[in-house]
Amino acid sequence: MSSFDGFSSTPLEQRNNSVQQLVRLLFLTITLLLLIPAVATIVVLIVEGAPGLSLEFFLDKPRQNGAAGGIAPALVGTVWLTAGALLFALPLGVAAAIYLSEYAKDNWLTRAINVAIVNLAGVPSIVHALFGVGAFVHFMQFGKSILAASCTLAVMTLPVVIVATRESLQAVPKAFREACWNMGATRWQTIWKVVLPNSGSGILTGLILVVSRAVGETAPIMFTGAVFLRALYPSGVFDKTMALSLHLFNVSTQVNDVPRHVPFAVALTLIGVVLAMNAAAIALRMRLRGRKKW
Amino acid sequence: MVTDPVIPPLLEVRDLSIHYGDKAALSGVSFDIRQHEIFGIIGPANAGKTSFLRAINRMDDFVPGMRVGGQICFAGRDVATVRNLYALRRRIGVVFPLPVGLPLSIYDNVALSPRLRGVRRRAELDQIVERCLTRAALWDEVKDRLTSLGSLLSGGQQQRLTIARALSQEPDLLLLDEFSIAVDPVTTMRIEEVLKELRNELTIVLVTNLVQQARRLADRTAFFLGGRCVELDATEALFSNATQQQTIDYLGGRFG
Ligand SMILES: Nc1ncnc2c1ncn2[C@@H]1O[C@H](COP(=O)(O)OP(=O)(O)OP(=O)(O)O)[C@@H](O)[C@H]1O
Ligand SMILES: [Mg+2]
């Protein structure tokens, strides 16, 4: 037995230490394994799709049902649909979040609404698609159009906008609100001057989620406004339009004799659009977060 | 008790009771607070001191489950019947135990209340900001960095910023709730000097855990205990010959 020097570890401590090392290794391995599919997807997309990318690919209209030519109308259409979804989902979602977080009394109705919103976020997109057909294409008589598709995308993404915004509103300390109320500020003045300026990151999170889903989803737009082939750019919100996600589905499964690299090139573009827009929003969010405010 | 027959009291409290849900936090409190006095309130935790302050500027509206009974008249008006609560709250400045620098610039912290009441001219705002910060003994420390964030000042500075913000409301009544908890003794002394000067312009209700602070500042002092006002008297009288055994015990530090 060694003499006690105060720092030599007991057998129990040695065992705890090896357990802790093992756990760390195990979790590290799992994390790395999980990365493989994501990295592999990107690598395959780049290797297979990059040869198909060219200026013409982005600027030309599709020919031979998409087997040749470019993707310009689909790219433009996706921008229209995404912008439309943002236009509806962001202001409405932020308004609802403000109501729920700042005005609503904590009663059973509010709690029921909160639960409903969380559950709505989990509704499959095909269900939203059917809702969109009923509500916007037929009932509101928008027809199959960019407007109907944007509205459908907006309804689909509203819950996540609300939840993200509400969380960031609630992250603003109550003491700030009380200080303002004590000064004789109204609830709205308090929200406008102190609460909202400090919840930008949550609103940006909402924006990222809307963009990612609006760009990526196929089902909700397929029934409400997106078409397989339309060699024209949209000229208004009542036009039908092509969209990248649907075009990808199209060239990979519906059209014969598509050169091998075309679907990959479309997929690469799709991911590129999402990543670029998210990167911009994340950069903005980090700037907002980076400045410590309290 | 000698009351000046000419100047009516600023605050008349009659049989005030406060409940949170079914639990009473304060009951049967009645007294007047005179114009231009510093009115001290001492008492251990759970005495209902903070609740009393909340009732004065009608913050019960923002506290779920808080009910106020009895009557508080501010400048002759029953606060329960005031429609324009925002105007009422503007006339009452509040300082909390923990400093609250809003996440705005130092300038905007102090200019917020004037802006809310419609002051727009830059020169006028500049003047208010400088005057209030000077009176809160903070101007010299921050005059070169008015654009930096108020919420990132040190605790003691933030508390003085909070006081400056309260003063920018141009209040008739200032409610101070244990303002020196997060402030060092030197700064506390500086603020106390400021409060003595402010007595000429406004009325102050000073809730404090430091009985000596009440002794230094207050003209009259009330002793709250377990939701009741046990004793109220001119500060020196209360400290030198209190009539209630509980008061004597508390002041003597023998409280179990
Ligand atoms: N928002 C609230 N909801 C429910 N009960 C409350 C609330 N605020 C205070 N109380 C209760 O009211 C009683 C009095 O509290 P109050 O804060 O007025 O005491 P205090 O004298 O200010 O104490 P301290 O010296 O510790 O600040 C306490 O029993 C407390 O639990
Ligand atoms: Mg208190």
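The structure reproduced in this document is the subject of the present report. (Residues numbered from 1 in each chain as written. Chains lettered and ligands numbered in written order. Predicted model: local features only at pLDDT ≥ 70, side-chain atom pairs only at ≥ 80, totals over all residues. Heavy atoms only, no water.)

Looking at the sheet that holds strand β6 (residues 92-95) of chain B
Strand-to-strand pairing in sheets goes through backbone hydrogen bonds, with the strands running parallel or antiparallel. Residues and elements named next belong to chain B. Strand order in this open sheet of six strands is β6-β7-β8-β3-β9-β10, and the pairing throughout is mixed. With one partner strand each, in any of the chains shown, β6 and β10 (228-234) form the two edges of the open sheet. For this sheet the average axis-to-axis angle between neighbouring strands, irrespective of direction, equals 15°. One ladder, built from four bridges, connects strand β3 (residues 38-42) with strand β9 (residues 220-225); its direction is parallel. Bridging across to β9, Ile42 finds its partner in Phe223. On top of the sheet, helix α6 (residues 155-168) reaches β6 and β7 (173-177); it is set at about 170° to β6, its chief contact. (Pairing = 2+ DSSP bridges. Helix = DSSP H or I, 4+ residues; strand = E, 2+ residues; numbered from the N terminus. Axes fitted to C-alpha atoms, helices over the stretch in contact; angles between N-to-C directions. Contact = heavy atoms within 4.5 Å.)

Quick word on the side chain of A:Thr224
Residues and elements named next belong to chain A. Structurally, Thr224 is set in the loop between α10 (219-222) and α11 (244-254). Looking at Thr224, the relative accessible area reads 0%, which means it is buried. The contact partners of Thr224, leaving out residues within four places of it in the chain, are Ala129, Gly132, Val133, Val137, Gly143, Lys144, Ser145, Ala148, Ala149 and Thr152. (Buried < 20%, exposed > 50% of the residue type's maximum accessible area, 1.4 Å probe, protein only.)

Some thoughts on helix α6 (residues 146-170) of chain A
One full turn of an α-helix is made of 3.6 residues, so residues set three or four places apart face in the same direction. With 25 residues, α6(A) extends 35 Å from end C-alpha to end C-alpha; this agrees with the ideal 36 Å at 1.5 Å per step. Within α6(A), 19 of the 25 residues are buried, leaving the element largely enclosed by the surrounding structure. (Expected span 1.5 Å × (residues − 1).)

Looking at the nonpolar core
Grouped together as the largest cluster of nonpolar side chains are 55 residues, with contacts concentrated most on B:Phe52, B:Ile56, B:Leu102, B:Leu173 and B:Phe224. The element that contributes the greatest number of residues to this core is strand β2 (residues 23-33) of chain B, accounting for five residues. Beyond its immediate chain neighbours, meaning those up to four positions away, B:Leu173 contacts B:Leu10, B:Leu11, B:Ile56, B:Phe74, B:Arg91, B:Ile92, B:Gly93, B:Thr203 and B:Val205. Counting residues in each nonpolar core, the second largest holds 38 residues, with A:Leu90, A:Val251, A:Val258 and A:Leu268 among its members. (Core = buried A, V, L, I, M, F, W, Y, C linked by side-chain atoms within 4.5 Å.)

Examining the site of ligand 1
Residues and elements named next belong to chain B. In the vicinity of ligand 1 there are 13 residues, among which Asn46, Gly48, Lys49, Thr50 and Ser51 approach most closely. At 3.0 Å, a backbone N or O of Gly48 approaches an oxygen atom of ligand 1. One nitrogen or oxygen atom from the side chain of Glu178 is found 3.1 Å from an oxygen atom belonging to ligand 1. With the chains in place, 66% of the 630 Å² that ligand 1 exposes on its own is no longer accessible. At the level of secondary structure, the elements contributing two or more residues to the shell around ligand 1 comprise β2 and α1 (49-56). Residue contributions to the shell around ligand 1 peak at four residues, all from α1. Among the residues making up the shell around ligand 1, the classes are represented as five nonpolar, four polar and four charged. (Near = heavy atom within 4 Å. Polar contact = N/O pair within 3.5 Å; in protein donor to acceptor, adjacent residues only side chain to side chain. Areas by Shrake-Rupley, 256 points an atom, 1.4 Å probe, with all protein chains shown as cover. Nonpolar A, V, L, I, M, F, W, Y, C, P; charged D, E, K, R; others polar.)

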